[in-house]
Amino acid sequence: MNLKLGIIMDPIEHIKIAKDSSFAMMLAAQRRGWELHYMNQRHLYSDGGSTRAQTQTLKLQDEPESWFSVIARQDIALSELDAVLMRKDPPFDIEYITTTWLLDSAERAGTLVVNKPASLRDANEKLFITCFPQCCVPILVSGDPARIRHFVAQHQDVILKPLDSMGGHSIFRVQPDNQNLSVILELMTNGGNKTIMAQRFIPEITQGDKRILLIDGDPVAYALARVPAAGETRGNLVAGATGIGMPLTDRDRWICAQVSPVLREMGILFAGLDVIGDYLTEINITSPTCIRELDAQYDLDIGGQLMDSIESHLA
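Summarised in this report is the structure supplied together with it.

Rules of the game
Residues numbered from 1 in each chain as written. Predicted model: local features only at pLDDT ≥ 70, side-chain atom pairs only at ≥ 80, totals over all residues. Heavy atoms only, no water. Axes fitted to C-alpha atoms, helices over the stretch in contact; angles between N-to-C directions. Helix = DSSP H or I, 4+ residues; strand = E, 2+ residues; numbered from the N terminus. Parallel < 35°, antiparallel > 145°, perpendicular 65-115°, else oblique. Left-handed = near helix turned anticlockwise from the far one by under 90°. Contact = heavy atoms within 4.5 Å. Nonpolar A, V, L, I, M, F, W, Y, C, P; charged D, E, K, R; others polar. Buried < 20%, exposed > 50% of the residue type's maximum accessible area, 1.4 Å probe, protein only. Pairing = 2+ DSSP bridges. Right-handed = clockwise from strand over helix to strand, strands pointing away.

What follows covers the packing of helix α4 (residues 145-155) against helix α5 (residues 181-188). In the contact formed by α4 and α5, the axes pass within 10 Å of each other and the chain directions differ by 130°. Classified by the angle between their axes, α4 and α5 sit oblique to one another. By crossing handedness, the relation of α4 to α5 is classed as right-handed. The segment α4 lies against α5, with P145, I148, R149 and V152 engaging L181, S182 and L185. Split into classes, the residues belonging to the contact of α4 with α5 amount to 5 nonpolar, 1 polar and 1 charged.

Peptide bonds are, in most cases, trans, and in most cases residues other than glycine have a negative phi. Omega for the peptide link from P90 to P91 comes to 25°, which places this bond in the cis form. Inspection of the secondary structure puts P91 in the loop between β6 (83-86) and α2 (94-108). Residue N115 is bonded to the preceding V114 through a cis peptide linkage, with omega at 0°. With respect to the helices and strands, N115 occurs in the loop between β7 (112-114) and α3 (117-122).

In this section: the pairing of β6. Of the two faces of β6, the one lined by A83 and L85 and the one lined by V84 and M86 are each fully buried. As judged from the 3 bridges shared by β6 and β7, these two strands associate in the parallel manner. Among the inter-strand pairings, V84 is bridged to a residue of β7, identified as V113. Traced from β6 through α2 to β7, the parallel crossover comes out right-handed.

Right, here's the structure in full:
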């Protein structure tokens, strides 16, 4: 199929191609001869009920010094594209939500949006795991500092995280005797006016925070365990973690089996599950990463698998 693929992402001139999953997806599409239309959020607009964008048609090369060139620029309706990848990184703010509303219109006009805009709004990457309590450690979601403090006292060692960020930003590990606990809770909840998540700490983080990629509900056979740097509890590559590939365990596959039917039902074609030890900790659907690392370690083509899935859905 000779398709036109749009991609909404952060500025392509600033990406690190050795680690950028969006770049891997675009390379896979280019190998199929698909036409690539790149855009940022600010390039989207609605005119007369039609969602349009100023797009740049790209040619890519897998070279660290010069990885793209612009072939043409055009102003088009997104309905002219066969599919659009929504790959904008969080924060999940009102601009992000507005983009999903604009993509709703493109979807109604017949364009396949990956992932489905309504699901991007509905499935908060932190809160989504509460749909699968059988897979998780004890969790509390609250903006009440006293309630969170009680949870910390109950479980003794707890991770606190905001609901709208990524990459390990503003994540704290706390214990009941932490002298800064009151200040941390005050800042994270904005004085009791902002909801956050508390999770019982999982000691197996020392073995890595595994990223498991699923394409249309089917897991890639290998996970990338992001092992924290010395003195860290955050298993995020941007926080200095080291990515080590490993085959999925039976428990990993069981967790995938719990989550996969819901992903398919919600039109989530590409997702990243975060698993520490035996427990699901996040479900990433905005812009899951780790394609490049797993491709390099196991000679895979995960981006190509996603393009196959998109092609199948369009057919």
